[in-house]
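Fold and contact review
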Amino acid sequence: MSAAQGPAYDVGVVGLGPTGLTLAHLLATRGLSVLVLEREPAFYGMARAVYTDDECLRILQTAGVADDVHADMMVDLPVQWLRADRSVLTQFRTTARPQGWPVSNFLYQPFFENTLERRLAEHPSVTVRRGRAVVGFDQDADGVTVHHVHSAGTAYGRDEETAPASPIDGALDGAVDGTGAPESTRISYLVAADGGRSGVRASLGIEMEGRSFPQRWLVIDLKAKDGVDAFGHLPYFDFVCDPELPTVSCPQPDNRHRFEFMLSDDDESEEFERLETARRLMSGYVDVDDVEIDRQLVYTFNALVAKEWRRGRVFLAGDAAHMTPQFIGQGMNAGLRDADNLSWKLADVNRRGAADSLLDSYQSERQPHATAMINLSVLNKDIVSTGSPLGIRARDLGIGLAARTPGVRSFLTEAKVKPKPRYRHGSYVGLPRRLGGTRGVEGTLMPQVPVRTQAGRPVRLDDALGAGWVVLGVEIDPRGALAAGPWEQLGATWAVLYQPGARPQGGHLPRPRTAGDQAHGSETPLVDLEAVDDELSCWLAKAGAARGSVIVLRPDKYVFSVTRPGDHETAVRELTRQVGVASS
C-alpha cells in the first residue's frame, strides 16, 4: 500500500513471543488495528520463562486473558535460598494480593503462549501472519512501510539467545526460502518485539549498554514419565547456594521441572550437553529413570539495555529493548510491562488526539524500572553463586541476621526488595509527587483493592473501570467537580468509590441531579463502587485523598493526579500540557 493511501494498520508488531502477544491483545483491547509478523511458521514450544507476578497478571487481566493463563499456573509457591546441605537459609512466601492476583506464579511457557495466541483470534482487528520475515522498513512523518517475505523459519534458533544481533537481512540466514512474492505494508507505528537478537534494533544501529557475563549455566527441562510422581519431594522453587555447584530447582505445571547448574571455568560446554552428564547432575535431586529430558542446553546471559527505545515511529520492546538475567524471573515480565505502557500511549495518539510527544515517555518511564530489575537479578546471581569462603560466611550471617530482625525480615521474606511499580520522580506522565517525590502516589500503580458494585456484587476494580482513563471521585460524583472537556475526548470512565460503610443512606428519594449530571448529559454513565476492606482507606491516607478528592488514573492504572476541592482544574491543565489533548 502506498503512503498516499494511508496506513492499513495502526500498529505493526514484529515477533509473536510473550511481549508481542501481550502487546497485540492490549492494542486490540484499546481499539487499534494490528498486524503481527512472525518469522516462524509454527510455535516451536520452547520453555524459557517460568514465572510471572501479580503486576503482570493484572496487565493480562486488562487484556482479558488472565483467568485463562492463570488456570495453568502453580500459585503461591514459596521461593527458598538453601545452603549447600539443603537447609533453608531464607524463604520468600506471601499470600498478599495487592494487585488482586497472587505474587508468586510458576508457568510453563508453551501453555502460556499457546493460550495467548489462541485467544488472539477473538480480535477481528488483529491480523497474525506467521512465516513472514521482516527484511526492511522505511519510515517518514506519516508512517512506516514494512517489507516482509515468506520464511521457512529457524525453529527459534538454538543459539539465538547468545549470538550477536545482525541487521534484518543478515539475521535471517536460512530462514528466507525465496518462495512467494515480497510484500510491503503501510502502518502508523512499528514495534519490534523480536527478541534479544533484534534485527530491527540492529538495522536502526541502536547499541546496547551493560554487561555480558561469561559464566555458563546448563539448563535441563524435565517431564515426569506417565504415572510417576518424580518431583513431589521438590515442592518449592530453590536457589541452592552450593559453592561447588550452584543450582536452581524450579517446579513447573504439568508434572514438569527445570534444573540449572552453573559450570566452572574449567568445565567443557560439550561435556555438559551430554546425556550422561545431565543424568549425573540430576541424580542428586531426582530418580533419573523417572524423567524424560525435553531440553538440555548450555547458555550464558546478558544484562543489557538499549540506548534508545524509540527511533521516529519505530519502538523496541521486551528483549529487543532490555535483556534481563534469569535469576529473579523478570525477563518476560519486563516485556509485559513494556506492552502495557506503550499500548495505551499508542492508542491515545492514534485514536484520541494525543500528541506524538506522549510516546517519548515510554522510555523515560520504563527504562529505570527495567534497569533496576536487571541489577537485582545480577545481585541475586552473586548471592547464589559466590564461591569465596569469606563471601559465603558474610552472606549466611547477613541473611540470617536480616531474617531475625523485625522490619527487615518482612523486607526479605515478602520480597519487598523487588523494585516497586513507581516511576522515577520527574520522568513520568502525571502530576509530581510532593516533597521532591518522596510523598504522594502520583506516578505509582494504584492497588487493585477488593470492591463491590452498588448492587452488592463483588467485582475486580479494573474490570469495573475499564481499560482507559478513569476520573475517580472519593465519595463524590466527579462529574460535578470536573467538566467533560478533555476527558470526553479520551473516552474516560467516570466513577465514584466509597470507603467501607460510607455509602449514602437513609430516606427513600432517588439521588438528586447534580451540576455534573447537567454538564455531562444523561448519557454519561457513572460507575458506583464500594471497597470491602480497609486496604483502600490505607492507600487513600497515603495519597492524601480525603472525601471530595478526585483521582485521575491513566489507562495502565498508574496515578496521574490526586486533587482536592478547589484544585481539580490542575489535573485538566496538566493533562492538556503533558498529553496534548484539548482542554475543552
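Now for a quick tour of the structure. (Residues numbered from 1 in each chain as written. Predicted model: local features only at pLDDT ≥ 70, side-chain atom pairs only at ≥ 80, totals over all residues. Heavy atoms only, no water.)

Focus: the overall build of the chain
- Along the chain, the regular secondary structure elements total 16 helices and 26 strands.
- Here the chain has a C-alpha radius of gyration of 25 Å; the compact-globule value for 584 residues is 25 Å, and the two agree.
- Based on the C-alpha atoms only, the size of the chain along its principal axes is roughly 80 × 65 × 45 Å.
- Burial analysis of the chain (584 residues in total) assigns 56% to the buried set.
- For the chain, the share of sequence-separated contacts (at least 6 apart) that also reach a separation of at least 24 residues comes to 75%. (Helix = DSSP H or I, 4+ residues; strand = E, 2+ residues; numbered from the N terminus. Rg over C-alpha atoms; globule rule 2.2 N^0.38 Å. Buried < 20%, exposed > 50% of the residue type's maximum accessible area, 1.4 Å probe, protein only. Contact = heavy atoms within 4.5 Å.)

Describing helix H2 (residues 54–62)
- With respect to burial, H2 is a largely interior element, nine of its nine residues being buried.
- Buried residues of H2: Asp 54, Glu 55, Cys 56, Leu 57, Arg 58, Ile 59, Leu 60, Gln 61 and Thr 62, and no others.
- Two to three positions downstream of the cap, the backbone nitrogen of Glu 55 sits 3.3 Å from a side-chain oxygen, assigning the N-cap of H2 to Asp 53. (Polar contact = N/O pair within 3.5 Å; in protein donor to acceptor, adjacent residues only side chain to side chain.)

Topic: the side chain of Arg 313
- Examined against the element boundaries, Arg 313 turns out to sit in the loop between strand S17 (310–311) and strand S18 (314–316).
- There is a polar contact of 3.0 Å between the side chain of Arg 313 and the backbone oxygen of Ala 141.
- With residues up to four places along the chain from it excluded, the contact list for Arg 313 reads Gln 139, Asp 140, Ala 141, Asp 142, Gly 143, Val 144, Ser 188, Tyr 189 and Leu 190.

A word on the nonpolar core
- Grouped together as the largest cluster of nonpolar side chains are 112 residues, with contacts concentrated most on Leu 60, Phe 112, Leu 346, Trp 469 and Trp 487.
- Those residues in contact with Leu 346 that lie beyond four places of it in its chain are Val 11, Leu 27, Leu 32, Tyr 189, Val 191, Phe 315 and Leu 359.
- By size, the runner-up hydrophobic cluster in this structure holds 22 residues, among which are Leu 465, Val 470, Val 474 and Ala 545. (Core = buried A, V, L, I, M, F, W, Y, C linked by side-chain atoms within 4.5 Å.)

Points about the pairing of strand S25 (residues 550–553)
- Alternating positions in S25 separate into two faces, Val 550 and Val 552 on one and Ile 551 and Leu 553 on the other, with burial throughout.
- Examined bridge by bridge, strand S22 (residues 470–474) and S25 share four bridges and lie antiparallel to one another. Of the residues in S25, the one forming a bridge with Leu 472 is Ile 551.
- Both S25 and strand S26 (residues 559–563) contribute to a ladder of four bridges, which runs antiparallel. Looking across to S26, one finds that Leu 553 is bridged to Val 559.
- Count of turn residues in the S25/S26 antiparallel hairpin: five residues, of which Lys 557 carries a positive phi of about 70°. (Pairing = 2+ DSSP bridges.)

Here we look at a negative patch on the surface
- A surface patch of like charges, here negative, comprises Asp 265, Asp 266, Glu 268 and Glu 270.
- Inspection of the secondary structure assignment puts Asp 265 in the loop between strand S15 (256–262) and helix H6 (269–272). (Patch = residues over 30% accessible without salt bridge, like charges linked within 9 Å, V, L, I, M, F, W, Y side chains within 5 Å. Areas by Shrake-Rupley, 256 points an atom, 1.4 Å probe, with all protein chains shown as cover. Salt bridge = Lys/Arg side-chain N within 4 Å of Asp/Glu carboxyl O. Lys, Arg positive; Asp, Glu negative; His and termini not counted. Charge placed at Lys NZ, Arg CZ, Asp CG, Glu CD.)

Regarding the sheet that holds strand S23 (residues 493–498)
- Spatial ordering of the open sheet is given by S21-S20-S24-S23-S22-S25-S26, a layout of seven strands whose pairing is mixed. Each edge of the open sheet carries a strand with a single partner, namely strand S21 (458–459) and S26.
- Contacts between helix H16 (residues 569–579) and the sheet are confined to S25 and S26, with S26 contributing the most and set at about 155° to the helix. (Axes fitted to C-alpha atoms, helices over the stretch in contact; angles between N-to-C directions.)

Brief notes about the packing of helix H1 (residues 18–29) against helix H8 (residues 331–351)
- Put simply, H1 and H8 touch, their axes get as near as 8 Å, and they point 30° apart. The angle between H1 and H8 places the two elements in the roughly parallel class. For the pair H1 and H8, the sense of crossing is right-handed. Within the contact between the two elements, H1 uses Pro 18, Thr 19, Thr 22, Leu 23, Leu 26 and Leu 27 and H8 uses Met 332, Gly 335, Leu 336, Ala 339, Asp 340, Ser 343 and Leu 346.
- Looking at the contact of H1 with H8 residue by residue, the class counts come to eight nonpolar, four polar and one charged. (Parallel < 35°, antiparallel > 145°, perpendicular 65-115°, else oblique. Left-handed = near helix turned anticlockwise from the far one by under 90°. Nonpolar A, V, L, I, M, F, W, Y, C, P; charged D, E, K, R; others polar.)

What about the sheet that holds strand S14 (residues 247–252)?
- Here we have eight strands laid out as an open sheet, ordered S6-S5-S13-S14-S15-S12-S16-S19, and mixed in their pairing. At either margin of the open sheet sits one strand with a lone partner, and together these are strand S6 (88–92) and strand S19 (322–323).
- Note that strand S5 (residues 79–83) and S6 share four bridges and pair antiparallel. Paired with Gln 80 across the two strands is Gln 91, which belongs to S6.
- Contacts from helix H9 (residues 361–385) reach S5, strand S12 (208–224), strand S13 (237–241), S15, strand S16 (291–306) and S19 within the one sheet, and its direction differs from that of S16 by about 125°.

A few points about the state of the cysteines
- Using the criterion set out here, one finds zero disulfides in the structure.
- Residue Cys 56 stays outside any disulfide, its sulfur separated by 16 Å from that of Cys 250, the closest cysteine. (Disulfide = S-S within 2.5 Å.)

Considerations on helix H10 (residues 389–404)
- Taking 1.5 Å of rise per residue, the 16 residues of H10 would be expected to cover 22 Å, and the 23 Å separating its terminal C-alpha atoms lies within 8% of that figure.
- Among all positions of H10, only Ile 392, Arg 395, Ile 399, Gly 400, Ala 402 and Ala 403 are buried. Buried residues of H10, viewed axially, fall in a sector of 165°; they line one side. Of the residues in H10, the exposed ones pointing more than 90 degrees away from the buried face are Pro 389, Leu 390, Leu 397, Leu 401 and Arg 404.
- Residues of H10 that are buried in the fold lie against S6, S13, H9 and helix H11 (408–413). (Expected span 1.5 Å × (residues − 1). Arc of directions from axis to C-beta.)

Observations regarding the side chain of Ser 249
- Within the secondary structure, Ser 249 is located in strand S14.
- Taking the relative accessible area as the measure of exposure, Ser 249 reaches 1% and is therefore buried.
- Side chain to side chain, Ser 249 and His 257 meet in a polar contact 2.8 Å long.
- Non-local contacts of Ser 249, meaning those with residues more than four positions away in its chain, are made with Leu 234, Tyr 236, Phe 237, Asp 238, His 257, Arg 258 and Phe 259.

Remarks on unusual backbone geometry
- The residue Asn 255 is not glycine, and still its phi comes out positive at about 60°.
- By secondary structure assignment, the location of Asn 255 is in the loop between S14 and S15.
- For Asn 255, a relative accessible area of 32% puts it in the partly exposed group.
- Even without being a glycine, Leu 435 presents a positive backbone phi close to 50°.

Quick word on the pairing of strand S2 (residues 34–38)
- S2 sits mainly inside the fold: five of its five residues count as buried.
- Neither face of S2 is left uncovered, since the one carrying Val 34, Val 36 and Glu 38 and the one carrying Leu 35 and Leu 37 both have all their residues buried.
- Pairing of strand S1 (residues 9–14) with S2 involves four bridges; the strand directions are parallel. Looking across to S2, one finds that Val 14 is bridged to Leu 37.
- Note that the unit made of S1, H1 and S2 has a crossover that is right-handed.
- Pairing between S2 and strand S8 (residues 126–130): five bridges, direction parallel. In the strand pairing of S8, Glu 38 is matched with Arg 130. (Right-handed = clockwise from strand over helix to strand, strands pointing away.)

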